[in-house]
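Each chain is listed here by its residues.
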Amino acid sequence: MITFFMALAFCLFGVSQSFAQLIDQTQAPNTAGRGIALSLTEQIGVGQGDEFTPDSSIYIINRDPARAIRRGRQLFQRKFTIAQGQGPRTATDGIGNIDTNLALGAGLADSCALCHGQPRGSAGFGGDVVTRPDGRNAPHLFGLGIKEQLADEMTQDLRVIRDQAIVDAQTANASQTRNLKSKDISFGKITAHPDGTVDTSQVEGVDTDLRVRPFFFHGGTIAIREFVVGALNDEMGLQSPDPCLNTASSGGLCTTPAGMVLDGSVDNVSGAPASDPTDDADLDGVANEIDPALVDFMEFYLLNYFKPGRGEESRYVKHGFRLMERVGCMKCHKQNLVIDSDRRVADVETKYDSSVTGFNHLFATAKTQFVSVDDGQSLPKLVPEGNSFTVENIFTDFKRHDLGINFHEINYDGTLQTEFLTTPLWGVGSTAPYGHDGRSMNLKEVILRHGGEAQNSRDAFANLPDRGQEWIIHALNSLILFPPDNTDSNLNAGDPTTPGYPQYGHGKIDLSVLFTTPGPE
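Residues numbered from 1 in each chain as written. Predicted model: local features only at pLDDT ≥ 70, side-chain atom pairs only at ≥ 80, totals over all residues. Heavy atoms only, no water.

Attention now moves to the confidence of the model for the protein. Averaged over all residues, the pLDDT of the protein equals 91, while 95% of them reach at least 70. Note on residues 1-18: pLDDT is under 50 here. Beyond four places in sequence and across chains, it has 40 contacts. (pLDDT = per-residue confidence, 0-100. Contact = heavy atoms within 4.5 Å.)

And the structure:
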C-alpha cells in the first residue's frame with residue numbers, strides 16, 4: 001500500500017515552482033527554467049482513455065492523483081495562445097444580444113489565473129466581469145470541491161424527503177407535508193398529494209427542483225465541471241467538446257472522473273459549447289481547443305483544492321465568533337458542516353504558527369485520504385476513502401436570501417436579481433472589497449450594508465459597542481487565504497539557513513513529493 005510517508009520517497013526530482021500565470025517552457029524557454037515543463041500536447045497525453053491506459057487522464061487520476069492535481073493546477077495557470085484557440089469570447093467576437101447571452105459581458109483572458117490569481121500562485125480571487133451591468137467580482141476558489149460535495153449531498157437529502165412524501169401520500173391516499181431539512185439547515189416545506197404532484201410554494205432558499213447550486217453569487221451552477229467548461233468558453237474563448245456535459249445536457253447520465261454524478265433526467269445541466277472534436281464553435285479556425293482530458297485534470301484539481309486557512313487566533317477572535325452567533329450572523333452563516341462521504345484524495349489544514357519564520361507565519365499540514373487497491377496493474381488504484389469530514393469555519397447555509405435593496409442587482413434584460421447565495425465566509429479576511437459587486441470596501445461596511453432577511457442581525461451588530469464590533473472584525477479577519485508556493489508545510493518546510501531566506505529557500509505545499517511516477521510536470 002502506498003501511504004503518505006512512503007510517497008515522500010518520490011521526491012527525488014526537481015519540479016519547477018508555480019506562480020500565478022505560467023508560461024510554457026516548450027514555447028518560451030528561459031534561463032531560469034520557470035514555467036510548465038510539458039507542452040499542451042504532452043499534458044493531453046493519449047486523451048481521456050480509461051484506468052488501464054497509461055498517460056491518459058483517467059489513468060493518472062486513478063493511479064497518480066497528486067500528479068493529476070499538479071497538472072490541473074498548471075492548466076489552470078497556463079497562458080493559452082491564439083494558435084491553441086484562445087479568443088474570441090464568442091463566435092461574434094462580443095457582438096450580440098447580452099439579454100440572452102451573458103457571455104458577451106465576460107472579459108477575454110488567456111489564463112484562468114488572470115481572474116483567480118490572488119494571493120500569489122493560488123486559485124484565488126482578483127478579476128471582474130460585466131456579465132451584469134453593475135459588474136461581478138470573481139470569487140476565490142479555495143475549498144471548491146468541498147462546496148460541490150456539500151451542495152450535492154444536500155440536494156440528495158431534500159429529494160429523498162420529497163420522494164418519500166409522495167410515496168406516503170399515495171399509500172395513505174392523503175396529502176403529506178414534510179419539513180425539508182439537510183445538515184441541520186431548513187429549506188422550508190413541501191406538501192405531496194396522492195396524485196404524485198407536489199406543492200413547493202413553501203420551499204425556501206432553493207429552486208423548486210430542490211437542487212442546491214453552490215457556484216456563482218446567485219447560485220447558478222451545479223458542478224465544477226460545468227463551471228470549468230463554461231468559464232473556458234465565456235472568459236477565454238476556448239471550447240471543449242466535453243462528452244460528459246453533452247450527455248447530461250441532453251437528458252443522459254454521466255459520472256465525471258472526479259466522481260460527480262450528472263443526471264440530465266432530473267437536473268438542467270449546461271452542455272459543452274462544442275458538440276464534438278470537429279466542431280469549431282467560435283469559428284476561429286481551431287477545433288477541439290480543450291481536449292476533455294484537460295477538463296478532467298482541471299476538475300480533479302479544483303475538487304481537491306485547498307480549503308482556506310486560519311490566521312492568528314487571539315482571545316478577541318474567539319470572542320468575535322461567539323458574538324457572531326449571539327447577534328444572529330450564524331442563522332445563515334453556519335460555521336461548520338459535515339460531508340457524509342468525501343470524494344477528495346487529500347486534505348490540507350493551514351494554520352497560523354508563531355514558530356514559522358517563513359512568509360505569513362503559516363504552516364500547512366497535508367494528509368492523503370485514499371486507500372491503495374492492487375488490481376494487477378503496474379500501479380495500484382488510489383481510491384478515495386469516502387469517510388465523513390467535518391468542514392470547519394465555512395460559514396454558509398447554501399441558501400439564497402434577499403438581503404435588501406442595497407444588494408439588489410439589475411440584469412441586462414431589465415429584471416431584478418433580489419436573492420443571493422449566502423457567501424461562505426472562509427477566506428473573507430483576504431478578499432476585500434466585498435459584495436458580489438465589490439462596492440463595500442471593508443468588513444464593517446459590508447455587514448452594515450445588509451438588510452432584508454438579515455436586517456435584525458445587521459441592527460444587532462450596529463448596536464454593539466465599538467469593542468464588540470471590533471471583536472467580530474478580528475474573527476472575520478482570521479479567515480484567510482494563502483499563497484501555496486510560499487507557505488511552509490509538512491511536504492516542504494523550507495530551509496531558514498538558505499541565503500536570502502525567506503525570499504529564497506522558503507517552504508511550499510509541494511505535491512511532487514506525492515507523485516507515484518517519476519518525471520517533471
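Let's pick the thread back up.
So, about the nonpolar core. Counting residues in hydrophobic clusters, the biggest one holds 64 residues, and the most contacted among them are Phe 76, Leu 232, Leu 262, Phe 300 and Leu 302. Only helix H3 (57-63), helix H4 (65-77), helix H6 (224-236), helix H7 (243-249), helix H8 (292-303) and strand S13 (362-368) provide two or more residues apiece to this core. Among the elements that take part in this core, H8 stands out by supplying 8 residues, more than any other. Ignoring anything within four residues of it in the chain, the contact list for Phe 76 reads Ser 111, Cys 112, Ala 113, His 116, Ala 123, Leu 141, Met 298, Tyr 301 and Leu 302. Of all hydrophobic cores here, the second largest spans 25 residues; its members include Phe 321, Met 330, Tyr 434 and Ala 475. (Core = buried A, V, L, I, M, F, W, Y, C linked by side-chain atoms within 4.5 Å. Buried < 20%, exposed > 50% of the residue type's maximum accessible area, 1.4 Å probe, protein only. Helix = DSSP H or I, 4+ residues; strand = E, 2+ residues; numbered from the N terminus.)

Along the chain, Pro 139 falls in the loop between strand S4 (136-137) and helix H5 (144-172). Residue class for Pro 139 comes out partly exposed when judged on its relative accessible area of 39%. C-alpha of Pro 139 to C-alpha of Thr 423: the two residues are 284 residues apart in sequence and 9.6 Å apart in space.

Applying the stated criterion to the full structure yields 1 disulfide. Two residues share a disulfide in this structure: Cys 244 and Cys 254, whose sulfurs sit 2.0 Å from each other. Disulfide Cys 244-Cys 254: torsion about the S-S bond near -115 degrees, hence left-handed. Residue Cys 244 is located in helix H7, and its partner Cys 254 is located in strand S8 (residues 253-255); the two are separated by 10 residues in the primary sequence. The exposure classification of Cys 244 matches that of Cys 254, with both residues buried. Sulfur of Cys 329: no disulfide; nearest cysteine sulfur belongs to Cys 332 and is 9.4 Å away. Of the residues examined, Cys 329 reaches a relative accessible area of 18% and is grouped as buried. (Disulfide = S-S within 2.5 Å.)

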